[in-house]
2 protein chains.
Amino acid sequence: MVRHLEYPKKPQNTVKRYNNRGTYDLGIIHSIINTTSVLHVSFAPSPDEPFPAILPMIGVMGSFEYPSSSIEEPLDCYLHGYVSSRIMRLARESPNGLPICVAATKVDGLVLSLTPNSHSYNYRSAVLQGFAKPVETDDEKLYAMQLITNKVVDGRWENTRVPPDNVEMTSTTILRVKVETGSGKIRQGGPHDEAKDENRSDITERVWTGVVPVYEAFDTPIPSDTNKVKDLPSYLDSYVSETNNHNRESALNAVKEP
Amino acid sequence: MVRHLEYPKKPQNTVKRYNNRGTYDLGIIHSIINTTSVLHVSFAPSPDEPFPAILPMIGVMGSFEYPSSSIEEPLDCYLHGYVSSRIMRLARESPNGLPICVAATKVDGLVLSLTPNSHSYNYRSAVLQGFAKPVETDDEKLYAMQLITNKVVDGRWENTRVPPDNVEMTSTTILRVKVETGSGKIRQGGPHDEAKDENRSDITERVWTGVVPVYEAFDTPIPSDTNKVKDLPSYLDSYVSETNNHNRESALNAVKEP
């Protein structure tokens, strides 16, 4: 029997608008986070500051306690990025961790209907809310650094100069987010028009409707001026072509009605 | 003489880490917002709620007061998306508008260096902070709806059934964000390694370094089952191919040192 763990529905994560598109499935939400290049992380900078802040960061789901956990199981979110001293200081100073929100959104298509009002995107989005604290032990930091590097290019960690030296270890900060709630939202399919427009031939004969599939594409890797490795390594070559195929397939599959 | 207006540097928008990558130029920041498919919008849901919320939304810069304003001039940010009643209610109830943060990030490349520590992305990111209020007049709403539709596909508005009818006008909500501060950050170029690794041939002979260009790609548009327009209209065909060329060029240009 396949288990499907779900995040508990609380007021702040319950999908209300188009709630048939909502999901609380851990596996689906974690996969969206793990395949999104840049996560957007929000926090409140200080009590006197009216505006929330958003930082673009790289992040990945993982469990240092139970490294064999699958994507469907409870996981923490590890974040690395242009961590301003502000978010790090706040996370260090909060005894229970800094309350943050992590968002990941992938656009799969432009959905073009007869009238602007019913235009849409095909998309997959995920949001996590939880408490962020800096990772303290070197073992856990190393675990997270490897996950994050291999999220960017699968197998990259093993194919670089590792382990990081002492200076690199102390200059790197990783946040571990203990997830409290999460939700996802997925839209797929073609345009849905209303009868009032579909029944008018003056409109349907003039307005093209359909989907423009959208995906994140990799171009041919360009070696640096100082690169000494003549051929593109096979792990990188495969990663580029497999990711391109996978992303394109996802965008094309999203055109089908769910 | 070319003017370059800049957002004022305040504590909350001053770029500290890698500050040579920071920009406050209105034109650059507005262009990043306008060419990003999905914006991430953050707000504080309520005083008792510890976590900020993030919504993925579609948005565009514009000025209803001075519609002839260019991208380099002071503009508002108009937002449309899966506007939960929560953000709309908060924006309506806040006499000065709801304090929000709007973020846009475009990944231009994976920057692969000798050691994980110096890996990076080429990217362009922009953040705006401001006060959001619902647009109240039909004239301004129509102005913003047209901008937003044509942001998704240039020329789409004129090629659909418009204007929206009364039901569509009242069911659509647009937020206008009066921008208080903004900043951008841009990273381009190849990997930068340290001498401690570059001088070791056991590393340089083994580790491929360079950039994998990344861009958002459109695939061939797929007509809906009910589409009656036989040929893909030229405005859409051009938009798809021009956007693909432009996005790919941007990713390739980003590989060059700034």
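Residues numbered from 1 in each chain as written. Chains lettered and ligands numbered in written order. Predicted model: local features only at pLDDT ≥ 70, side-chain atom pairs only at ≥ 80, totals over all residues. Heavy atoms only, no water.

- The name recorded for chain A in an unreviewed UniProt entry is Flavin-nucleotide-binding protein, from Cladophialophora immunda.

1. A closer look at the overall build of chain A
And step 1. Tallying secondary structure elements over chain A gives seven helices and nine strands in all.
And step 2. Expressed along its principal axes, the backbone C-alpha trace of chain A runs to roughly 70 × 55 × 45 Å.
And step 3. Residue burial in chain A is summarised as follows: out of 258 residues, 58% are buried.
And step 4. Long-range pairs, those at least 24 residues apart, make up 72% of the contacts in chain A with a sequence separation of at least 6.
And step 5. Per element, the accessible surface of chain A, about 11,700 Å² overall, is 51% carbon and sulfur.
And step 6. Averaging the coordinates of the 27 positive side-chain charges in chain A and doing the same for the 33 negative ones gives two points 4 Å apart. (Helix = DSSP H or I, 4+ residues; strand = E, 2+ residues; numbered from the N terminus. Buried < 20%, exposed > 50% of the residue type's maximum accessible area, 1.4 Å probe, protein only. Contact = heavy atoms within 4.5 Å. Areas by Shrake-Rupley, 256 points an atom, 1.4 Å probe, with all protein chains shown as cover. Lys, Arg positive; Asp, Glu negative; His and termini not counted. Charge placed at Lys NZ, Arg CZ, Asp CG, Glu CD.)

2. As for helix α2 (residues 85-93) of chain B
And step 1. All of the buried residues along α2 of chain B are R86, I87, M88, L90 and A91 of chain B.
And step 2. Each element contacted by the buried residues of α2 of chain B is listed here: β2 (39-43), β3 (53-62), β5 (98-112), β6 (120-134) and β7 (175-187) of chain B.

3. Overview of the interface of chain B and chain A
And step 1. Contact with chain B, which involves 98 residues of that partner, is made by 98 residues of chain A.
And step 2. When chain B packs against chain A, close to 8,100 Å² is buried across both sides, 61% of that on carbon and sulfur atoms.
And step 3. There are eight salt bridges connecting chain B and chain A.
And step 4. In this structure, D165 of chain B engages K196 of chain A in a salt bridge whose closest nitrogen and oxygen atoms are separated by 2.7 Å.
And step 5. For the pair chain B and chain A, the interface holds 40 residue pairs in polar contact (both at pLDDT 80 or more).
And step 6. Across the side of chain B that touches chain A, the residue classes break down as 52 nonpolar, 25 polar and 21 charged.
And step 7. Relative to strand β8 (residues 210-218) of chain B, strand β9 (residues 222-223) of chain A is paired through two bridges, and the arrangement is antiparallel. For P223 of chain A, the partnering residue across the bridge sits in β8 of chain B and is G210 of chain B. (Buried area = accessible area lost by both parts, 1.4 Å probe. Salt bridge = Lys/Arg side-chain N within 4 Å of Asp/Glu carboxyl O. Polar contact = N/O pair within 3.5 Å; in protein donor to acceptor, adjacent residues only side chain to side chain. Nonpolar A, V, L, I, M, F, W, Y, C, P; charged D, E, K, R; others polar. Pairing = 2+ DSSP bridges.)

4. Description of the pattern of salt bridges
Residue and element names in this part refer to chain B.
And step 1. Considering all chains together, one arrives at 24 salt bridges over all chains under this definition.
And step 2. Between R124 and D108 there is a salt bridge whose closest N-O contact spans 2.8 Å. In this pair, R124 is assigned in strand β6 and D108 in strand β5, connecting sequence segments 16 residues apart.
And step 3. The class of R124 is partly exposed, set by a relative accessible area of 21%.
And step 4. Overall, D108 belongs to the buried group, its relative accessible area being 5%.

5. A closer look at the relation of the copies chain B and chain A
And step 1. Each copy superposes on the other: chain B lies on chain A with an RMSD of 0.0 Å after a rotation of 180 degrees and an axial shift of 0.0 Å. With respect to symmetry, the two chain copies, as superposed, fit the operation of a two-fold axis. Rotation axis and chain B: the residue whose C-alpha lies nearest the axis is E216 of chain B, separated from it by 2.3 Å.
And step 2. Residue by residue, 100% of the interface of chain B is reproduced at the interface of chain A, so both copies engage with the same surface. (Least-squares fit on C-alpha atoms with pLDDT ≥ 70 in both.)

6. What about the packing of aromatic side chains?
All names here are of chain A.
And step 1. Overall, the coordinates contain eight aromatic pairs over all chains when judged by the stated rule.
And step 2. Ring geometry for Y78 and Y143: centres 5.9 Å apart, planes at 75 degrees, overall edge-to-face. In this pair, Y78 sits in strand β4 (residues 76-81) while Y143 sits in helix α3 (residues 138-152), placing the two residues 65 residues apart along the sequence. The same class applies to Y78 and to Y143, which are both buried.
And step 3. Put simply, the rings of F64, Y78 and Y143 pair up and form one aromatic cluster. (Phe/Tyr/Trp six-rings, centres within 6.5 Å; stacked < 30°, edge-to-face > 60°.)

7. Some remarks on the side chain of N244 of chain A
Residues and elements named next belong to chain A.
And step 1. Inspection of the secondary structure puts N244 in helix α7 (residues 234-253).
And step 2. Here the side chain of N244 touches F218 through a polar contact of 2.8 Å, landing on its backbone nitrogen.
And step 3. Sequence-distant contacts of N244, that is, excluding residues within four places in its chain, are made with Y215, E216, A217 and F218.

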